[in-house]
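This is what each chain is made of:
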Amino acid sequence: MRNRYLDLLRFLAIVRVVVYHVTGWATLTLVFPAMSVMFALAGSLMAASLARSGPVAVGRRLRRLLPSLWVLAAVFVPAMLLTGLALSPRVLLWLFPITDPPANNWGALALSIIWYLRDYLWFVLASPVALWLFRRAPLPTLLAPYVVLVTIEVGIYPAPPVVREFGLYFGAWLLGFAHHAGMLRRLTGRVLYPLSLGLAVVGGAWIVTHPGPRGYDLNDNHLGNALWSAAFILVVLGRAPAGVAWLERSRLAERVVTVFNRRALTIYLWHMPFVVALTPLVDVVGWSHQDPVGLAVRVLLVFALVGLVTLAVGWVEDVAARRRPELIPAGSSRPTGPPAPSDGGPAGRLGVGETVGRAAVPAQRVSGAAATVEINAG
C-alpha cells in the first residue's frame, strides 16, 4: 500500500534535481536537499523490503536498479569507445558500478550522475548488516555515519572516498530505517523540533563559515549538507501525513506523480546528458545563465527530451520490477484499504529518485587514466 505523500516528496525531489542541474541555483539545495531526502526514502523502502523478505531483498533491489543503467550504457559506452575511451576490463564497471566506471571527456560530464548508483549499490549491499545493528542499537547506529563524517571533515581521519560517501549519505539512509520503524513519528514535538532546529543551526553555521566555490551550495560542503539535510528529513518524515487529499482528488496531478515515481530512474539517468548537450546550444542564441527566459526554455527542453527517452525506454523499469510494461504508467496507485501510516509502509519506487543536483557546468573530479566527474545531488 503506497503512501502518496512519500511519492509526492520523490516527485518534488526529481523536479528540483533537474531544475538545479539546468540553473545551478545554489539556493535550491538549501530549500530542498533532494539527494538526502531520496536516500532517506530509499532507506525506508529497503528496510521494508528486508523486513518482508530478508536478505533476498538485496538481489531484488539490484534487479530493479541495474537494467535501466544497462540501457544507458548500451548507448553511451560504444559512443565513448568510438571517441577515445580506452577498452579495458574497467569498462565492465558499467554493468555493476561499485566504483566510478571509466568515461572519456564528454562522457564524464554527461554521465557524471552515475555516482549516485555507485553509492546506492553500496548502501543496498550494506543494508542487511546495518538493519541488524540498527534493531539492536538504534541511536549509536544512526549517529555512526555523522561521527565518521565529523572526523573526516576536521582532519582527524583522512578516509577514502567511499567512507566519506557513507558518512555523508548513509546517515540519511539510516533515517529512512528510523522512519520505517516508526521512531521518527513517535518523537514528540518538544523533542523533534528543537533537535531539527539545533541540527539546522549547527549545519548552517558550518556552511556559512566554510563556503565552497559556489558559495552556500550544499554540494560543496559535506558536513553542512549532512546536518542540514538531517534536520530537513526529521521534519518532512517525522511529521509526514498519511496521505495527500488534494493529490488524490486530482486525477491529472496523481497521474503525473505516478509517472515520475514509476520512471524515476530513467529520468535521473537521462536528464544530465541533455543538460550538458543543451548548454552550448543555448549559448549560441545568446541565452545566459542569468536570463530567466533562457533558463525556463532550457528546463522545458530538458524535460521534453527526457520525456521522449522515457517513452522509448522507461518500460524497462516495469520489466525490472516484474510489472506489466506500460508506455505511460497508468495503473492507479490509490490505496485500496485504510491509509498507510506515515512511518510504516514501503517508501515507493527508486529514490533517485532515488536523484541529483549540480550546476550546468559541474565540478570535475579526475580519477586515474579515465576522467570521471562526480555531481553531488544536494
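Scroll up a little and you will see the structure.
One structure accompanies this document, and this report is about it. (Residues numbered from 1 in each chain as written. Predicted model: local features only at pLDDT ≥ 70, side-chain atom pairs only at ≥ 80, totals over all residues. Heavy atoms only, no water.)

1. Details of the side chain of S68
On the secondary structure map, S68 appears in helix α4 (residues 56-82). Setting aside residues no more than four positions away along its own chain, S68 makes contact with L265, T266, L269, V316 and E317. (Helix = DSSP H or I, 4+ residues; strand = E, 2+ residues; numbered from the N terminus. Contact = heavy atoms within 4.5 Å.)

2. Quick look at unusual backbone geometry
Positive phi is not limited to glycine here, since R322 has a value of about 60°. Relative to the helices and strands, R322 is located in the segment after α16 (315-320).

3. As for the packing of helix α3 (residues 34-53) against helix α6 (residues 114-136)
In a pair of packed helices, the angle between the axes and the distance between the axes together describe the arrangement. Relative to each other, α3 and α6 sit at 50°, their axes nearing to 10 Å. One finds that α3 runs oblique with respect to α6. Where α3 crosses over α6, the two elements pack in a sense that is right-handed. On the side of α3, the interface is formed by M35, F39, A42, M46, A47, L50 and A51, while α6 contributes W115, Y116, D119, Y120, F123, V124, S127, P128, L131 and R135. When grouped by side-chain class, the residues that make up the contact of α3 with α6 number 14 nonpolar, one polar and two charged. (Axes fitted to C-alpha atoms, helices over the stretch in contact; angles between N-to-C directions. Parallel < 35°, antiparallel > 145°, perpendicular 65-115°, else oblique. Left-handed = near helix turned anticlockwise from the far one by under 90°. Nonpolar A, V, L, I, M, F, W, Y, C, P; charged D, E, K, R; others polar.)

4. What to know about the environment of F134
Of note, F134 is situated in helix α6. Classification of F134 by relative accessible area gives buried; the value is 4%. The spacing of F134 and F177 is 43 residues in sequence and 7.9 Å in space, taken between C-alpha atoms. Apart from residues no more than four positions distant in its own chain, F134 is found in contact with T141, L142, L174, F177, A178, A181 and M183. (Buried < 20%, exposed > 50% of the residue type's maximum accessible area, 1.4 Å probe, protein only.)

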